[in-house]
Amino acid sequence: MKTDMSALYATALILNPGHHMRYIEVNWPKKWVKPTLERVKKLWQSYQEAASVPTTLASPLYCRPFQEPKELDTFDQITRSLKQVAWPASQDEYEDYNSGEPYELGTGASALTWWCHDTQRQHWPQLSCMAIDILSIPAMSDELERVFSGAYHTISWERGQLDPETVEMTECLKHWKKSGILDKFLE
């Protein structure tokens, strides 16, 4: 499994407020769970040591304001109030977050906007910074994958000693030619 190489995918799943750690424990094969959760915990610890808590809670530019779902009926209000539990202040933020119940975001909301909300940023200052950093990583584009896959044809056995810069320039020129960008300059 390629996601074994990085804890980022599993961390992004866990930091989705609708999932928490429980999602991996329930849905992943048992032999993957413990090593994955250990890698995520190690990533959290390294982030915790390296990151400083911001002095202000100004939202990053890419954070849209989070809005609570509108119109909760009486049952939903009672359910939400029962899920709110006071956690010990001495508990680790990551453990604190995962000890809570998953939170349904509602339609149109994302995990990133949830973590950008002041409530989460005040309750889990370092974890929210980590969540914002990880959840704002853009997904890979199909176009980038196609360009990268084209290198397979460029680097044959006979051309295996090409410098990385040469391969990069060649792939860039091939992409520009296929997309018509070079045609403007070669007229």
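Model, not experiment: these values are computed from the prediction.

## Focus on the overall build of the protein chain
- On a plain count of helices and strands, the protein chain comes out with 11 helices and zero strands.
- For the protein chain, the residues scored as buried account for 26% of the 187 residues in total.
- Summarising the internal contacts of the protein chain: among those between residues at least 6 apart in sequence, 66% fall at separations of at least 24.
- Per element, the accessible surface of the protein chain, about 13,200 Å² overall, is 58% carbon and sulfur.

## Overview of a nonpolar patch on the surface
- Side chains of Leu173, Trp176, Ile181, Phe185 and Leu186 sit close together on the surface and give an oily, nonpolar patch of about 540 Å² of accessible area.
- When residues of the nonpolar patch are traced back to their parent elements, those giving at least two are helix H10 (164-179) and helix H11 (181-186).
- Mapped onto the secondary structure, Leu173 falls in helix H10.

## Describing helix H2 (residues 20-27)
- If you check which residues of H2 are buried, you get His20, Met21 and Ile24.
- Those residues of H2 hidden inside the fold are in contact with helix H1 (8-14), helix H3 (30-50) and helix H5 (93-99).

## With respect to the state of the cysteines
- Across all of its chains, the model carries zero disulfides by this definition.
- Of all cysteine sulfurs, the one in Cys116 lies closest to Cys129, which takes part in no disulfide; the gap is 9.8 Å.

## Looking at the pattern of salt bridges
- As enumerated under the stated definition, the model contains five salt bridges in all.
- Between Arg22 and Glu25 there is a salt bridge whose closest N-O contact spans 3.6 Å. Residue Arg22 and its partner Glu25 are both found in helix H2; the two are separated by three residues, about one turn of the helix.
- When its relative accessible area of 26% is taken as the criterion, Glu25 is described as partly exposed.
- Between Glu171 and Lys174 there is a salt bridge, with the nearest N and O atoms lying 3.2 Å from each other. Taken together, the residues Glu171 and Lys174, both in helix H10 and three residues apart, mark about one turn of the helix.
- Residue Lys174 is classed as partly exposed on the basis of its relative accessible area, which comes to 27%.
- A single network of salt bridges, built from pairs that share partners, joins Lys41, Asp92 and Glu95.

## Quick look at the packing of H2 against H3
- Direction vectors running N to C along H2 and H3 enclose 150°, while the axes themselves pass 8 Å from each other. With respect to H3, the element H2 is oriented roughly antiparallel. Contacts between H2 and H3 involve Met21, Ile24 and Glu25 from the former and Lys30, Val33, Thr36 and Leu37 from the latter.
- Here the residues of the contact of H2 with H3 are counted per class, giving four nonpolar, one polar and two charged.

## Observations concerning unusual backbone geometry
- Here His20, not a glycine, exhibits a phi torsion of approximately 60°, which is positive.
- Relative to the elements of secondary structure, His20 occurs in helix H2.
- Of the residues examined, His20 reaches a relative accessible area of 4% and is grouped as buried.

## As for the packing of aromatic side chains
- Across all of its chains, the model carries 10 aromatic pairs by this definition.
- Aromatic pair Tyr9 and Trp28: ring centres 6.3 Å apart, planes at 15°, arrangement stacked. On the criterion of sequence distance, the pair formed by Tyr9 in helix H1 and Trp28 in the loop between H2 and H3 is long-range, its members being 19 residues apart.
- Classification of Tyr9 as partly exposed rests on a relative accessible area of 46%.
- A relative accessible area of 12% places Trp28 in the buried class.
- Ring plane angle 90° and centroid distance 5.5 Å describe the contact between Tyr97 and Trp124, whose orientation is recorded as edge-to-face. In this pair, Tyr97 is assigned in helix H5 and Trp124 in the loop between helix H7 (118-123) and helix H8 (125-135), connecting sequence segments 27 residues apart. Grouping residues by exposure puts Tyr97 and Trp124 together as buried.

Here is what the cut-offs are and how they apply
Residues numbered from 1 in each chain as written. Predicted model: local features only at pLDDT ≥ 70, side-chain atom pairs only at ≥ 80, totals over all residues. Heavy atoms only, no water. Helix = DSSP H or I, 4+ residues; strand = E, 2+ residues; numbered from the N terminus. Buried < 20%, exposed > 50% of the residue type's maximum accessible area, 1.4 Å probe, protein only. Contact = heavy atoms within 4.5 Å. Areas by Shrake-Rupley, 256 points an atom, 1.4 Å probe, with all protein chains shown as cover. Patch = residues over 30% accessible without salt bridge, like charges linked within 9 Å, V, L, I, M, F, W, Y side chains within 5 Å. Salt bridge = Lys/Arg side-chain N within 4 Å of Asp/Glu carboxyl O. Disulfide = S-S within 2.5 Å. Axes fitted to C-alpha atoms, helices over the stretch in contact; angles between N-to-C directions. Parallel < 35°, antiparallel > 145°, perpendicular 65-115°, else oblique. Nonpolar A, V, L, I, M, F, W, Y, C, P; charged D, E, K, R; others polar. Phe/Tyr/Trp six-rings, centres within 6.5 Å; stacked < 30°, edge-to-face > 60°.

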